[in-house]
There are 6 protein chains.
Amino acid sequence: MGEALDRGRDFLQSIDPELEKILGERYDELVPEFSESLVETIYGRVYSRPGLDIKTRLISTIAALTAQGAQTSPQLRINIKNALNVGVTKQEICEVIFQMSLYGGMPAMINALNTAKDVFAELGD
Amino acid sequence: MGEALDRGRDFLQSIDPELEKILGERYDELVPEFSESLVETIYGRVYSRPGLDIKTRLISTIAALTAQGAQTSPQLRINIKNALNVGVTKQEICEVIFQMSLYGGMPAMINALNTAKDVFAELGD
Amino acid sequence: MGEALDRGRDFLQSIDPELEKILGERYDELVPEFSESLVETIYGRVYSRPGLDIKTRLISTIAALTAQGAQTSPQLRINIKNALNVGVTKQEICEVIFQMSLYGGMPAMINALNTAKDVFAELGD
Amino acid sequence: MGEALDRGRDFLQSIDPELEKILGERYDELVPEFSESLVETIYGRVYSRPGLDIKTRLISTIAALTAQGAQTSPQLRINIKNALNVGVTKQEICEVIFQMSLYGGMPAMINALNTAKDVFAELGD
Amino acid sequence: MGEALDRGRDFLQSIDPELEKILGERYDELVPEFSESLVETIYGRVYSRPGLDIKTRLISTIAALTAQGAQTSPQLRINIKNALNVGVTKQEICEVIFQMSLYGGMPAMINALNTAKDVFAELGD
Amino acid sequence: MGEALDRGRDFLQSIDPELEKILGERYDELVPEFSESLVETIYGRVYSRPGLDIKTRLISTIAALTAQGAQTSPQLRINIKNALNVGVTKQEICEVIFQMSLYGGMPAMINALNTAKDVFAELGD
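Parameters at a glance
Residues numbered from 1 in each chain as written. Chains lettered and ligands numbered in written order. Predicted model: local features only at pLDDT ≥ 70, side-chain atom pairs only at ≥ 80, totals over all residues. Heavy atoms only, no water. Least-squares fit on C-alpha atoms with pLDDT ≥ 70 in both. Contact = heavy atoms within 4.5 Å. Buried < 20%, exposed > 50% of the residue type's maximum accessible area, 1.4 Å probe, protein only. Helix = DSSP H or I, 4+ residues; strand = E, 2+ residues; numbered from the N terminus. Arc of directions from axis to C-beta. Buried area = accessible area lost by both parts, 1.4 Å probe. Salt bridge = Lys/Arg side-chain N within 4 Å of Asp/Glu carboxyl O. Polar contact = N/O pair within 3.5 Å; in protein donor to acceptor, adjacent residues only side chain to side chain. Nonpolar A, V, L, I, M, F, W, Y, C, P; charged D, E, K, R; others polar. pLDDT = per-residue confidence, 0-100.

*Asks:* Which parts of the structure should I look at to understand the relation of the copies chain E and chain C?
*Replies:* The operation linking the two copies of the chain is a rotation about an axis combined with a translation along the axis. Placing chain E over chain C gives an RMSD of 0.0 Å and needs a rotation angle of 180 degrees, together with 0.0 Å of translation along the axis. Both chain copies can therefore be described as sitting about a two-fold axis. Interface overlap between copies is the fraction of interface residues in one copy that are interface residues in the other; for chain E against chain C it reaches 100%, indicating a shared surface.

*Asks:* Is there a simple way to think about helix α2 (residues 19-27) of chain A in this case?
*Replies:* An α-helical segment advances 3.6 residues per turn. Residues three or four places apart therefore align on the same side. Three or more residues of α2(A) are buried, namely A:Leu19, A:Glu20, A:Leu23, A:Gly24 and A:Tyr27. Relative to the axis of α2(A), the buried residues are bounded by an arc of 130 degrees and lie together on one face. What points out from α2(A), more than 90 degrees from its buried face, is the exposed set A:Lys21 and A:Glu25. Structurally, α2(A) contributes buried residues whose contacts are with α1 (3-15) and α3 (34-47) of chain A together with α8 (106-122) of chain D.

*Asks:* Before we go on, may I ask you to explain the environment of D:Asp6 in this structure?
*Replies:* By secondary structure assignment, the location of D:Asp6 is in helix α1 (residues 3-13). Sequence-wise, D:Asp6 and D:Leu19 are 13 residues apart; in three dimensions their C-alpha atoms are separated by 14 Å.

*Asks:* Mind showing me how you'd approach the relation of the copies chain A and chain B here?
*Replies:* Between chain A and chain B, the superposition needs a rotation of 180 degrees and an axial shift of 0.0 Å, giving an RMSD of 0.0 Å. Most of the interface of chain A is mirrored in chain B, where 100% of its interface residues are also at the interface.

*Asks:* Would you mind going over helix α1 (residues 3-13) of chain B with me for this structure?
*Replies:* Three or more residues of α1(B) are buried, namely B:Ala4, B:Leu5, B:Gly8, B:Phe11 and B:Leu12. An end-on view of α1(B) places all buried positions within 125 degrees of arc, on one side of the element. The outward face of α1(B), more than 90 degrees from its buried face, is lined by the exposed residues B:Glu3, B:Asp10 and B:Gln13. On its buried face, α1(B) sits against α2 (19-27), α3 (34-47) and α4 (54-68) of chain B together with α3 (34-47) of chain C.

*Asks:* How should I be thinking about the interface of chain E and chain C in this particular structure?
*Replies:* Opposite the 30 residues of chain E that make contact, chain C presents 30 residues. A combined buried area of about 2500 Å² lies between chain E and chain C, and 61% of that area is made up of carbon and sulfur atoms. Sorting the residues of chain E by area buried against chain C places E:Glu95, E:Gln99 and E:Tyr103 first, and these three jointly supply 24% of that buried surface. Here chain E is connected to chain C by 4 salt bridges. Between E:Glu95 and C:Arg49 there is a salt bridge, and its shortest N-O distance comes to 2.8 Å. Joining chain E to chain C, the criterion identifies 14 residue pairs in polar contact (both at pLDDT 80 or more). Contributions of two or more residues to the side of chain E that touches chain C are made by α3 (34-47), α4 (54-68), α6 (90-99) and α7 (101-104) of chain E. The greatest single-element share of the side of chain E that touches chain C, amounting to 10 residues, is contributed by α4(E). When its residues are assigned to classes, the side of chain E that touches chain C shows 15 nonpolar, 10 polar and 5 charged.

*Asks:* What's the story with the confidence of the model for chain A in this structure? I'm lost.
*Replies:* Segments scoring low in pLDDT should not have their predicted coordinates read at a detailed level. A residue-level look at chain A finds 98% of positions with pLDDT of 70 or above and a mean pLDDT of 95. Note on the complex model: pTM 0.97, ipTM 0.96.

*Asks:* I keep staring at the interface of chain A and chain B and nothing clicks. Help me out?
*Replies:* Accessible area lost upon the coming together of the parts is a frequently used measure of interface size. Opposite the 30 residues of chain A that make contact, chain B presents 30 residues. Taken together, both faces of the contact between chain A and chain B bury some 2500 Å²; the carbon and sulfur share is 62%. The interface formed by chain A and chain B holds 4 salt bridges in total. Measuring nitrogen to oxygen at the nearest pair gives 2.7 Å for the salt bridge that ties A:Glu95 to B:Arg57. Across the contact surface, chain A and chain B share 14 residue pairs in polar contact (both at pLDDT 80 or more). Every element with two or more residues in the side of chain A that touches chain B is listed here: α3, α4 (54-68), α6 (90-99) and α7 (101-104) of chain A. Per-element accounting of the side of chain A that touches chain B gives the leading share, 10 residues, to α4(A). Residue composition of the side of chain A that touches chain B, grouped by class: 15 nonpolar, 10 polar and 5 charged.

*Asks:* Would you mind showing me how to read the side chain of F:Gln99 here?
*Replies:* Mapped onto the secondary structure, F:Gln99 falls in helix α6 (residues 90-99). Of the residues examined, F:Gln99 reaches a relative accessible area of 0% and is grouped as buried. In this structure the side chain of F:Gln99 is engaged in a polar contact, spanning 2.9 Å, whose partner is the side chain of D:Arg57. Excluding its chain neighbours within four sequence positions, the residues that come into contact with F:Gln99 are D:Val46, D:Tyr47, D:Leu52, D:Arg57 and D:Thr61.

*Asks:* Please clarify how the pattern of salt bridges should be interpreted in this entry.
*Replies:* Two side chains with opposite charge may pair up if their charged atoms get near one another. Inspection of the entire model under this criterion finds 66 salt bridges over all chains. A salt bridge links D:Arg45 to E:Glu40; the shortest N-O distance between them is 2.8 Å. Of this pair, D:Arg45 sits in helix α3 (residues 34-47) while E:Glu40 sits in helix α3, placing the two residues on different chains. Each member of the pair, D:Arg45 as well as E:Glu40, carries the same accessibility label: buried. Through salt bridges with shared partners, a single network forms among A:Arg7, A:Arg45, F:Glu33, F:Glu36 and F:Glu40.

Given below as structure tokens:
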């Protein structure tokens, strides 16, 4: 088993220990080794790297998904939840989304802000 | 003169006091009030807002421009320089660009990393 | 209060006098001054400018939103309604959407045409 | 009647003989000659061309729509069905979608894989 | 020879009578019938349609190309020249580009404005 | 050392045995393990997978890069060369690029065709 895969699994232990299993049940039949690949690439090769703290990494991902527009809203939801879980504030999330009006345009910003509003409401805030 | 325009001008004093003049000389003839509009909208209405520190704001902008691809490389250059000026490290810049391979794809990430490499080389690093 | 903000508010009086209030109720708690910012930037700094008539401005916005794809369909709906309100014809709207097949591709064009069809149906045409 | 239009109609005979009529009923009132235009441009001018087999053409379209993100999911559905009809395997479809994680990013890939999963389920697989 | 192809050729007579020949010399060897296809699809099936005047069509194309970002700058140049040729003013071109900051973001708008500036300079303005 | 990394290195032996070294010299100082990560993710986790032949994989990548527009032209060049190396014909490459006019629009298609023309010319065709 590869080092990056190990690192990815270790990283997920503290964040979302069921994720590899859930991905596997949904996708491994269609795409063999799908769950293992994503754990290795996303968590072992990117999010577990040193040099940028996890809060800034998640804020940056929210920025990018906002600028890419509403088509990534399922992933935006997940990253907003993950960001809240590691201590990013609702204000920081809303501010970075608002800032993206300058780069992704007004519609992308408003659509992302609606997604954030929905996530906050679901979480009882 | 509006409050947001004032805030934008104040904000630029400490960062890039010549910017409004430079924009004005380049674009105000074609688009009347261009420079004033951008100072107000970009700096008065976004970057001077509280709730998200300037380093995280610039890292987020670098994330978004990377994910949008090489077409924004002139703006990516400027934001990388601005980020270095406020104390973001080269490592943080490279890490956030690398992370964007997951959202903007490998080509967008490599093109942005080449831009960062060029900026670092110009600045004598 | 700034001039651009005043211009934006004046412009909205004749088009959609409740918009600032509606935006404020939905978003100002999450993003302080959100409604004021958008009125200033969108209406005070862009749509109220001289040099391009409002009908052509709205047709151009419909063109851009079509080319950007279905992710901006909530904003496309609003701009189609606004365009009809200022006298743009259904034919002009459909023609500019169809033209966008050359720039945004066939799927983007068809998705936008479906949105237009829905808006026309809602309005009883 | 033009040659390309004839070629498009001939091509559709073996694939989807009702398509021109369906498009005409939905769109020709809004955009006169819409159905004829699309048959000519899409089928007469592109898919009926020699030099690239139809299976590879459809796999390539699935690749492009995946990389463009979830906003084209209605068209992705249709192209997945068409690909299955001409003998592209489910495995080939899933593989090309997975490959697109490198170019369109992880969210685009996952959204397209969900669409494929839905289509396969509908078709009773 | 098809009707749409005829319409496209007629349309080009008054605008750019050499275009089909130029496209043919550049591309027909690689893509047989390339020039004929583009004349038919772009000019016979879109720009020659009634229902939207040519000035508004070209302004809309400039809007869409601006919002799509700097990657389409060769096409933006051509459409700016064509727009000037049919009587669109420099002011109208600059205004629609500026408006696109709301939909394509600030970098896309600035890059397009630079392209317009270059075209105007070349034409001796 | 991980299995996917091994697979990626094996795969590259027959295609481009110097690539990991070249990537390492250019990028590993800025992004530690950059070259290893890309070999693992791109070649170990994607291109070496069974279920889709390498010619179709490369044609699909050319399709996606074309549809994403000229910003990915450096990567398009590489993939066109790689495709020729594994036996994809120039005609197949030109056909899939032309087909993308339907999904990425005319400008994206023309820009990609120009890139292909340049690559063919360089290679002495």
